[in-house]
Amino acid sequence: MTEPDGKLAVAVLISGNGSNLQAIIDRVAEGKVNARIKIVISNESGAFGLERARRAGIPTKVFDHRQYEDRGNYDNALAAVLEEMSIELVVLAGFMRILTPGFVARFAGRIINIHPSLLPKYTGLNTHQRAISAGDQEHGASVHFVSDELDAGPIIIQRRIPIEPGDTPESLQQRVHAIEHEILPQAIQWIAEKRLRINGGRVLLDGAQRPEQGLPVT
Ligand code: GRF
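In this text, all values refer to a predicted model and were calculated from it rather than measured experimentally.

What counts, and at which threshold
Residues numbered from 1 in each chain as written. Predicted model: local features only at pLDDT ≥ 70, side-chain atom pairs only at ≥ 80, totals over all residues. Heavy atoms only, no water. Helix = DSSP H or I, 4+ residues; strand = E, 2+ residues; numbered from the N terminus. Contact = heavy atoms within 4.5 Å. Areas by Shrake-Rupley, 256 points an atom, 1.4 Å probe, with all protein chains shown as cover. Lys, Arg positive; Asp, Glu negative; His and termini not counted. Charge placed at Lys NZ, Arg CZ, Asp CG, Glu CD. Near = heavy atom within 4 Å. Polar contact = N/O pair within 3.5 Å; in protein donor to acceptor, adjacent residues only side chain to side chain. Nonpolar A, V, L, I, M, F, W, Y, C, P; charged D, E, K, R; others polar. Phe/Tyr/Trp six-rings, centres within 6.5 Å; stacked < 30°, edge-to-face > 60°. Buried < 20%, exposed > 50% of the residue type's maximum accessible area, 1.4 Å probe, protein only. Lys NZ or Arg CZ within 6 Å of the ring centre and 35° of its normal.

### Quick notes on the overall build of the protein
The helix and strand inventory of the protein stands at 6 helices and 9 strands. By sequence separation, contacts in the protein at least 24 residues apart represent 62% of the contacts at least 6 residues apart. Carbon and sulfur atoms make up 50% of the accessible area of the protein, which totals about 10,400 Å². Once the 24 positive and 26 negative side-chain charges of the protein are each reduced to a mean point, those two points are 3 Å apart.

### Brief notes about unusual backbone geometry
Backbone phi values are negative for most residues with the exception of glycine, while trans is the configuration of most peptide bonds. The omega angle of the peptide bond from Leu 119 to Pro 120 is 10 degrees, so this bond is cis rather than trans. Look at Asn 126: it is not a glycine, yet its phi comes out positive at around 55 degrees. Tracing the chain through its elements places Asn 126 in the loop between strand S5 (111-115) and helix H5 (127-133). Its identity is not glycine, yet Lys 194 carries a phi of approximately 55 degrees, on the positive side. Within the fold, Lys 194 resides in the loop between helix H6 (169-192) and strand S8 (196-199).

### Description of the environment of His 144
Relative to the helices and strands, His 144 resides in strand S6 (residues 138-145). When sequence neighbours within four positions are dropped, the list of residues in contact with His 144 reads Ile 111, Ile 112, Asn 113, His 115, Leu 119, Asp 151, Ala 152, Gly 153, Pro 154, Ile 155 and Ile 156.

### Considerations on the site of the ligand
Every residue lining the ligand is accounted for by Asn 17, Gly 18, Ser 19, Asn 20, Gly 94, Ile 114, His 115, Pro 116, His 177 and Glu 180. Backbone polar atom of Pro 116 to an oxygen atom of the ligand: 3.5 Å apart, as the coordinates give it. Residue His 177 places a side-chain N or O atom 3.1 Å away from an oxygen atom belonging to the ligand. Starting from 370 Å² of accessible surface for the ligand in isolation, the protein chains cover 84%. For the shell around the ligand, the secondary-structure elements that each account for two or more residues are helix H1 (19-29), S5 and H6. Among the residues making up the shell around the ligand, the classes are represented as 2 nonpolar, 7 polar and 1 charged.

### Side note on the packing of aromatic side chains
According to the stated counting rule, one finds 4 aromatic pairs in the structure shown. Where Phe 63 meets Tyr 74, the ring centres are 6.3 Å apart and the plane angle is 80 degrees; that geometry is what we call edge-to-face. With Phe 63 in the loop between strand S3 (60-62) and helix H3 (71-84) and Tyr 74 in helix H3, the pair connects residues that are 11 residues apart, well separated along the chain. Both residues of the pair, Phe 63 and Tyr 74, count as buried. Aromatic rings pair up to connect Phe 63, Tyr 68 and Tyr 74 into one cluster. Residue placement shows Arg 97 over the ring face of Tyr 74; its charged tip is 4.4 Å from the ring centre.

Below, the structure is given as structure tokens:
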């Protein structure tokens, strides 16, 4: 349920550094994203993103997948907490686990993921290296709704960057991170503003298909 003050109730799921989480925290603090991060959940207790959340006064929880019998049990425990907290939007920000179809169905149309490639190119891991090895001229990042298929749900926003001669996976990753930090908060703000609709597997903004690059956060 939307928060009493009209803010979108968000949970952010992470596994690591949490720079995307930080970008959301910052945009929320600046009033550019009308959301409340009600909880940050990590499957790794050592994830630095948990520290970022604590510094921002956001409640945290660790769900260590090694302590659950299987994915189904893990996802049930996760879903129970999210439902109890009336979370409206689940944001996967570097959450390195694949969610079960049961979980995805429970939060249908309410889970988004940030992925470091121009989907549908390079689903899965090592996207920067793969883009370089393929001789691609450009690379980028995508935010998409989560479906049962890995990194394949309807795309909300993408942004591209050129691959420069001499780029390494690390240099590329750095520049991709910078655009991720813009497009993930933007996608959340569109959802908070109820401007997105999924139609025939495509995402419409204000009822229309939009230029791939989207609009800046204002
Ligand atoms: C990002 O590159 C994101 O696209 C991928 O995992 C990385 C997370 O980075 N899914 P961070 O933890 O937000 O810094």
